[in-house]
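Overview (structure and organization)
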Amino acid sequence: MSREKALNRSHALALILSVLRDAPRHGYEIAREVERRSGKRLTFREGTLYPLLHGLEKDEMIAGEWQEREGEKPRRIYVICEAGLAELDRQIGLWRDFSSAVESVIEGESAWNAFRRKLAPKLLLRGR
Amino acid sequence: MDPARIYHLPTDDGATPPQGPDEAVRLIEDYLDHLCAPLVGVVPYEDRMCLRMEADEHLSAKMQLYINDGIEPVDAALKAIHQYGTSQEMAEAYLEEWMRHLPKGTLANKIGLPNAFALLFFGQATMIGEILVQIRLYHPNPDPVLFGLSLPELRQIIPEPFPLPDRNPTWILFWAYAFLAPILAGWFTGRTALVGAAKAVLQVQICLTLLTFILGTAMLPTQEGLWLALVMVFWWVPIGALLAHVASALQRRRRLRFRPTRRKKS
């Protein structure tokens, strides 16, 4: 599976919101920022960004405004809203849960096993 | 869409294709037309224009970046388009996202736009089927059509407990209709619902088949209602979904296809 396929809608929304959290940006800048922050490891069809941006705007998570520029094409600048920040927190929580669960599986060690290995001997020693 | 491959395609007359900023702008404008064309009639003008202007700005900025790196304008435009994604994929992505945000209170918002189209066509088809069953119920004509055979001879071909075809023309109409209806309904659903048509047909058909089964049970001893429910399960669902899928794929391909090509030198 290619990396761009693996980047599903909710992941892409989280990436967009986290990029907009730091500063208002336009679509092209968002794409560049995702690329820069991921060290060019996360790449996706740049066109898929705009349907998501328009969806987020309809959900009132971000707000867009046209910026006129002299002698150049106008740009639509997006700003994150309160609902967007809340959604970003939720997405980050979900992602951290998911990634720690995957990491546990990859490491081959369950929470119970980690407890037995690290804490149980200390507790037993304290009991003695 | 591979810009490198497209670039190296020789022209018919072997002449160098036109180069330069004008050709690059033409390519981008052509791409934008193809991107927005499938949205016409579905997505409001303001939203389409917003998408178009943003895509234009994005592609121009990307193209400029490549030009600054020393790439020819036409190659830069092709490369930017390639990185942006095919017009078909992007228009589909936009339609899917747009359908998630349909205005509140409409039927399409409650059940989804593809489901609304499937309900429209398959609902009508089921209604006509039920009317035919009603006609069979109130105007029965159980005399068998023997096709020039004696009754025992015909019974060798159609053994008990299968019912023999009867003289009533509505019997033929009913079965012909039961066979053709999903083909037409599936096709029209696919033509109107550009995305998720097959899934919509499956979802709608589950409800309609249950309804037909209940009505068919209520109309016993006339068995056509139950036969219709059975035909729906084994014929309408697979054929309707298949036709919807094929029709929507063809419709998308027809409306969304974009191949960036250079103009031949005149």
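Residues numbered from 1 in each chain as written. Chains lettered and ligands numbered in written order. Predicted model: local features only at pLDDT ≥ 70, side-chain atom pairs only at ≥ 80, totals over all residues.

1. Description of the overall build of chain B
Check the secondary structure of chain B and you find 11 helices and zero strands. Listing the helices and strands of chain B from first to last along the sequence gives α-α-α-α-α-α-α-α-α-α-α. When each of the 266 residues of chain B is scored for burial, the buried share is 34%. Restricting to contacts in chain B with at least 6 residues of sequence separation, those with at least 24 account for 76%. (Helix = DSSP H or I, 4+ residues; strand = E, 2+ residues; numbered from the N terminus. Buried ≥ 20, exposed ≤ 12 C-beta atoms within 10 Å, placed from the backbone. Contact = placed C-beta atoms within 7 Å.)

2. Quick word on the nonpolar core
Grouped together as the largest cluster of nonpolar side chains are 79 residues, with contacts concentrated most on Ile16 of chain A together with Ala77, Ala118, Phe122 and Val201 of chain B. Setting aside anything within four residues of it in sequence, one finds Ala77 of chain B in contact with Ala24, Leu27, Ile28 and Met63 of chain B. (Core = buried A, V, L, I, M, F, W, Y, C linked by C-beta atoms within 7 Å.)

3. Digging into the pairing of strand E3 (residues 72-80) of chain A
All names here are of chain A. Note: strand E1 (residues 25-26) against E3, two bridges, orientation antiparallel. Paired with Arg25 across the two strands is Tyr78, which belongs to E3. Looking at chain direction, strand E2 (residues 62-69) and E3 are connected through seven bridges and run antiparallel. From the neighbouring strand, Ala63 faces E3, where its bridge partner is Val79. (Pairing = 2+ DSSP bridges.)

4. Considering the sheet that holds E1 of chain A
Residue and element names in this part refer to chain A. With antiparallel pairing, three strands are arranged side by side in an open sheet as E1-E3-E2. Each edge of the sheet is formed by a strand with only one pairing partner; in this case those strands are E1 and E2. Its contacts with the sheet put helix H4 (residues 49-58) on E2 and E3, and the angle it makes with E2 is roughly 120 degrees. (Axes fitted to C-alpha atoms, helices over the stretch in contact; angles between N-to-C directions.)

5. Considerations on the confidence of the model for chain A
Keep in mind that low pLDDT regions are not for reading the predicted coordinates in detail. Residues at a pLDDT of 70 or more form 80% of chain A, whose mean pLDDT is 81. Here helix H1 (residues 3-6) of chain A is the element of chain A with the lowest mean pLDDT, 44, and E1 of chain A is the one with the highest, 92. (pLDDT = per-residue confidence, 0-100.)

6. Thoughts on the packing of helix H2 (residues 9-22) of chain A against helix H3 (residues 27-37) of chain A
All names here are of chain A. At their nearest, the axes of H2 and H3 sit 10 Å apart, and the two run at 100 degrees to each other. Accordingly, the angle class assigned to the pair H2 and H3 is roughly perpendicular. Between H2 and H3, the residues in contact are Leu15, Ile16 and Val19 and Ile30, Glu33 and Val34, respectively. Of the residues that constitute the contact of H2 with H3, the class distribution is five nonpolar, no polar and one charged. (Parallel < 35°, antiparallel > 145°, perpendicular 65-115°, else oblique. Nonpolar A, V, L, I, M, F, W, Y, C, P; charged D, E, K, R; others polar.)

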